Amino acid sequence: AKSAGRNNFQFFDAKMNEAALERLGIEHALRQALGRDEFRLHYQPVIDVRTGRVSSVEALIRWQHPTRGLLPPGLFIGVAEETGLIQPIGDWVIWAACRQLADFRAAGIAGVKMAINISAIQMRNSDLSVLARGIIEAYSLVPGDLVFEITESVAMEHPDETVRVLDILHDMGVELALDDFGTGYSSLSYLRMFALDKLKLDRSFVEDIGQDIDGQVICDATIGLAHNLGLEVVAEGVETEEQLAYLKARGCNLIQGYLFSRPVPADEVIAFIRERNFP
Ligand code: C2E
Ligand code: CA
Ligand code: CA
Ligand code: CA
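- By the naming in an unreviewed UniProt entry, the protein is GGDEF domain-containing protein, taken from Azonexus hydrophilus.

Here is the structure:
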């Protein structure tokens, strides 16, 4: 039994090495990707239910890999977070998204905000607000042009720290959204202390509309909770007219999902905004 245990352990060890090696490989490749400017942002419009116009676009990172094509964030954001590379990559995202927003303005598109996903490590770095201020100034934007999205699980990892950083950003005038809401076990008392503007209802509940009563109940409860706290609700992952009608009827404020548009390159989202906002 003892030797079998040891063999198991060696097997496990070898597996771990393999994972570590693979991670090292990806880390090296990610560093190279930064240097070679292989990251791209795609943009997904968020529609105001009341007006039908584009209220904001969410910047979503992709990796234009030289041989493997366009890779989604699910394949590399995890490693970027584990290795700390999310810090420079995340900084790049804020720069690139703000440069794009300035380009929107130059192209005559006003009144559309830019939503940017902020990682746990960026949140913990007290320079986030300093960086944001610098970039906003560099592109002659105003803080209210930006929405920072943090996931509920990240917010609750270090809730007191989150309260502090969100306060600073809120005082600056940056809009704040709690992402993936409903998946991270927020304590309601913290939810009240976070200086939020929006809750983003997670896609996993939206997809239950018309399918699963429990998920539907969570949608209803989230919208009610958010409105009682004075927050707007963004529903993610809206794919069907049925989901849209349901969410509309319950007073959901903003809608994002394939029903309107997938995340697309800048020129395509500009065409989409022109059509919707300036017909
Ligand atoms: P997220 O912030 O929850 O972003 C929404 C994800 O849902 C996006 O996946 C989007 O393409 C997808 N989505 C939108 N509408 C629909 C729909 O109707 N149906 C379905 N099935 N999916 C929809 P994506 O682009 O693969 O991003 C995955 C996650 O990666 C994001 O989830 C976010 O957590 C993370 N991420 C993306 N870009 C960044 C970034 O610049 N920085 C950081 N830290 N994380 C990022
Ligand atoms: Ca997001
Ligand atoms: Ca989300
Ligand atoms: Ca579900």
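**What to know about the nonpolar core**
- Residues Met 114, Ile 116, Phe 148 and Leu 247 are the most contacted members of the largest nonpolar core, which totals 83 residues.
- With eleven residues, the single largest contributor to this core is helix α3 (residues 86-106).

**Points about the coordination of the calcium ion (ligand 2)**
- Listed as protein donors to the calcium ion (ligand 2) are Glu 58 (OE), Asn 117 (OD1), Glu 149 (OE) and Asp 179 (OD); their distances from the metal cover 2.1 to 2.3 Å.
- In the primary structure, the donors to the calcium ion (ligand 2) are separated according to the pattern E-x58-N-x31-E-x29-D.
- Note on Asn 117: relative accessible area 28%, which makes it partly exposed.

**A few points about the packing of aromatic side chains**
- Scanning the model with the defined rule gives seven aromatic pairs in all.
- Judged by centre distance (6.1 Å) and plane angle (50°), the rings of Phe 39 and Trp 92 are tilted. In this pair, Phe 39 is assigned in strand β1 (residues 39-48) and Trp 92 in helix α3, connecting sequence segments 53 residues apart.
- Between the NZ or CZ atom of Arg 250 and the centre of the ring of Tyr 246, over which it lies, the distance is 3.7 Å.
- When the ring centre of Tyr 258 is taken as origin, the NZ or CZ atom of Arg 262, which lies over that ring, is 3.9 Å away.

**A look at the coordination of the calcium ion (ligand 3)**
- Coordination of the calcium ion (ligand 3) by the protein involves Asp 179 (OD), Asp 180 (OD), Glu 236 (OE) and Glu 236 (OE), with metal-donor separations of 1.9 to 2.7 Å.
- On the primary sequence, the residues serving as donors to the calcium ion (ligand 3) are separated as D-D-x55-E.
- Distance-wise, the calcium ion (ligand 2) is placed 4.2 Å from the calcium ion (ligand 3), both being coordinated by Asp 179. Residue Asp 179 is located in strand β6 (residues 175-181), and its partner Glu 236 is located in the loop between β8 (232-235) and α11 (241-249); the two are separated by 57 residues in the primary sequence.
- Taking the relative accessible area as the measure of exposure, Asp 179 reaches 5% and is therefore buried.

**Section: the environment of Ser 140**
- Mapped onto the elements of the fold, Ser 140 is located in the loop between α5 (128-138) and β5 (146-151).
- Exposure remark for Ser 140: the relative accessible area of 66% places this residue in the exposed category.
- Put simply, Ser 140 and Cys 98 are 42 residues apart on the chain and 9.6 Å apart in space, counted from C-alpha to C-alpha.

**Let's talk about the pairing of strand β2 (residues 54-65)**
- Counting buried positions along β2 gives eleven out of twelve residues, so the element sits mostly inside the fold.
- Pairing analysis gives nine bridges linking β1 to β2, with the strands arranged antiparallel. Bridging from a neighbouring strand, Gln 44 pairs with Glu 58 of β2.
- Where β1 folds back on β2, the antiparallel hairpin that results is connected by five residues, among which Gly 52 adopts a positive phi of roughly 75°.
- Strand direction decides the pairing type here: β2 and strand β4 (residues 113-117), joined by four bridges, are parallel. The residue of β4 that forms the bridge with Ala 59 is Ile 116.
- In terms of strand pairing, β2 meets strand β3 (residues 69-71) through three bridges, oriented antiparallel.

The rules behind these values
Residues numbered from 1 in each chain as written. Chains lettered and ligands numbered in written order. Predicted model: local features only at pLDDT ≥ 70, side-chain atom pairs only at ≥ 80, totals over all residues. Heavy atoms only, no water. Core = buried A, V, L, I, M, F, W, Y, C linked by side-chain atoms within 4.5 Å. Buried < 20%, exposed > 50% of the residue type's maximum accessible area, 1.4 Å probe, protein only. Helix = DSSP H or I, 4+ residues; strand = E, 2+ residues; numbered from the N terminus. Donors = N, O, S within 2.8 Å, 3.2 Å for Na, K, Ca; no water. Phe/Tyr/Trp six-rings, centres within 6.5 Å; stacked < 30°, edge-to-face > 60°. Lys NZ or Arg CZ within 6 Å of the ring centre and 35° of its normal. Pairing = 2+ DSSP bridges.

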